[in-house]
Amino acid sequence: MSNDQPIAAPPLRVNLKLLHTFMLVAELRSFRQAADAAHRSQSAITTQIKQLEEQLGVTLFHRTTRLVKLTEEGEQLLESARRAVNEVALGLRKIQEAVDVRRGRISLSCSTTIASTRLAFILAEFEKDYPGIEVFVRELTTKDLMDSVRKDEVDFGIGAILEAPDLAFEPILTENLYALVPDKFRTESHGTITLEALSRLPLLLLNPATALRSVIEEAAFKRGLTLKQKFQFTQAQTLITMATAGLGVAVLPEVVLPSKKTAGVEALLIVDPPLERQVAIITVRGRTLSPAAARLAQLLRQLINGKPPSTHQKKQKRELITQIDQ
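Once a new chain begins, its residue numbering starts again from 1 and follows that chain's sequence as written. Local features in this predicted model are restricted to residues of pLDDT 70 or higher, and side-chain atom pairs are both shown and tallied only at a pLDDT of 80 or more, whereas totals for entire chains, interfaces and linings draw on every residue. The basis for every side-chain value is the complete set of non-hydrogen atoms in the structure, without hydrogens or water.

Residues enter patches when their relative accessible area tops 30% and they take part in no salt bridge; the joining distance is 9 Å for like charges and 5 Å for the nonpolar side chains Val, Leu, Ile, Met, Phe, Trp and Tyr. Per-residue accessibility takes into account occlusion by the displayed protein chains alone, with areas from the Shrake-Rupley method and a 1.4 Å probe. For salt bridges, the criterion is a side-chain nitrogen of Lys or Arg within 4 Å of an Asp or Glu carboxyl oxygen. Among the surface-exposed residues, Val88, Leu92 and Ile95 lie close enough to one another that they form a single nonpolar patch of about 300 Å² accessible area. Helix and strand labels come from DSSP, where a helix needs a run of H or I of at least four residues and a strand needs a run of E of at least two; each type is numbered from the N terminus. Within the secondary structure, Ile95 sits in helix H4 (residues 72–102).

Given a rise of 1.5 Å per residue, 15 residues ought to cover 21 Å, and the 21 Å separating the end C-alpha atoms of helix H3 (residues 42–56) matches this to within 8%. For the exposure calls, accessible area comes from a 1.4 Å probe over protein chains only, and a residue counts as buried if that area is under 20% of its type's maximum, exposed if over 50%, partly exposed in between. Among all positions of H3, only Ala44, Ile45, Gln48, Ile49, Leu52 and Glu53 are buried. Gly57 sits one or two residues past H3 and shows a positive phi near 75°. Multiplying 1.5 Å by the residue count of a helix minus one yields the expected span of that helix.

This part takes up the confidence of the model for the protein chain. Per-chain confidence: the protein chain averages 84 in pLDDT, with 86% of residues scoring 70 or above. Ranking the elements of the protein chain by mean pLDDT puts helix H12 (residues 311–325) last, at 48, and strand S5 (residues 156–160) first, at 94. pLDDT is defined as a per-residue confidence score from the predictor, taking values between 0 and 100.

The next subject is the layout of surface pockets. Only protein atoms enter the calculation, which uses a 1 Å grid: trapped sets of points that fit a 1.4 Å probe without letting it out are cavities, open sets showing protein on both sides within 12 Å along at least five of seven lines are pockets, and any residue with an atom within 4 Å of a point is a lining residue. Grid points are joined across faces, edges and corners, and a volume is the space filled by probe spheres set on the points. For the largest pocket, the calculated volume is near 320 Å³. Looking at the largest pocket, it is lined by 14 residues, and the ones nearest its centre are Ile161, Val215, Glu218, Glu276 and Arg277. Going through the elements one at a time, helix H9 (211–222) and strand S12 (276–284) are the ones with two or more residues in the lining of the largest pocket. With 6 residues, the single largest contributor to the lining of the largest pocket is H9. For the lining of the largest pocket, a count of residues per class yields 8 nonpolar, 2 polar and 4 charged. Throughout, the ten residues Ala, Val, Leu, Ile, Met, Phe, Trp, Tyr, Cys and Pro are labelled nonpolar, Asp, Glu, Lys and Arg are labelled charged, and all others, Gly among them, are labelled polar.

We now examine the nonpolar core. Take the buried residues of types Ala, Val, Leu, Ile, Met, Phe, Trp, Tyr and Cys, join any two whose side-chain atoms come within 4.5 Å, and each joined set is a nonpolar core. Ranked by internal contacts, the top residues of the largest apolar core, which has 56 residues, are Ile114, Phe156, Ile158, Leu198, Leu252, Ile270 and Leu300. Only heavy atoms enter the contact rule, under which two residues are in contact if any of them lie within 4.5 Å. Those residues within four positions of Leu252 in sequence are excluded, and the remaining contacts are Asn176, Leu177, Tyr178, Leu180, Leu212, Ala236, Leu239, Ile240 and Leu257. Formed by 20 residues, the second largest nonpolar core is a distinct cluster that contains Phe22, Leu24, Phe31 and Ala34.

Looking now at the pattern of salt bridges. Applying the stated criterion across every chain yields a total of 16 salt bridges. In this structure, the salt-bridge partner of Arg29 is Glu75, at a minimum N-O distance of 3.9 Å. Taken together, the residues span a long stretch of sequence, with Arg29 in the loop between helix H1 (16–28) and helix H2 (31–38) and Glu75 in helix H4 at a distance of 46 residues. Accessibility expressed as a relative area gives 39% for Arg29, which makes it partly exposed. With a relative accessible area of 38%, Glu75 lands in the partly exposed category. When the shortest N-O distance is used, the salt bridge between Arg150 and Asp147 registers 3.3 Å.

Below you can see the structure in the form of structure tokens.
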């Protein structure tokens, strides 16, 4: 039985070392410079180019005493070789990123209010999908948090937005501020309290190193009000305990308010003016997160509001994991 179909020629098997040498000479347009770059003798480079030309059956360079120029076939090979090298580099990078995501290490700094409320749930979700990644968390006040990001001690920070030209802030949560008011200080309120009324009460505040303290003081300054600070603390939970004991009025972000009503105190929304704070992912401007840190940042965006992930968010997460596994 005859077969009129032409038989495909077997693919050429080119030594990759020879191809690398060819690219050096082609890029530098010089056998001598290619030899210097490869730390080889010029005769060795010339021999390798001759071997490659013999394997391909074409001349790759026009050689003169003053000039080394690619032939038409040499130009074609250089273009193909560049594409091949780029593809290999891309493949290796994807493999390395997958390894980094599955077995990485992340360091982050976080405000105490977020660390004590939302972070545990988010890290637990992250660990389900990436159990091989170690996550290290530092609870810090605003100034120290910013410094830790600047000094590259952490991959990123989770904290308030402040003026810092060298840092990038990506808002992920906006929340109102509340006053946790003991019954003995409360008047008819309908669930709110003005800043002016708040300024007449003994206040329990976070220390001046926190961004939350700055929000309150700036608002009072703009209204010409003087705040009556009674105690200041570093931890929001301490403010809650002190307010529950009737020692003063605690000013707190919504995220740390007790989930159930506590006897003897009421949470009142601060109005006139309404006060709020923004929480952001903080990085050095222009710096890219590692693959592992980027995955955690994505989960923070999805879950920082404290709600279970939506069906769309779950689908996004599955797609991310599938991409990594591929």
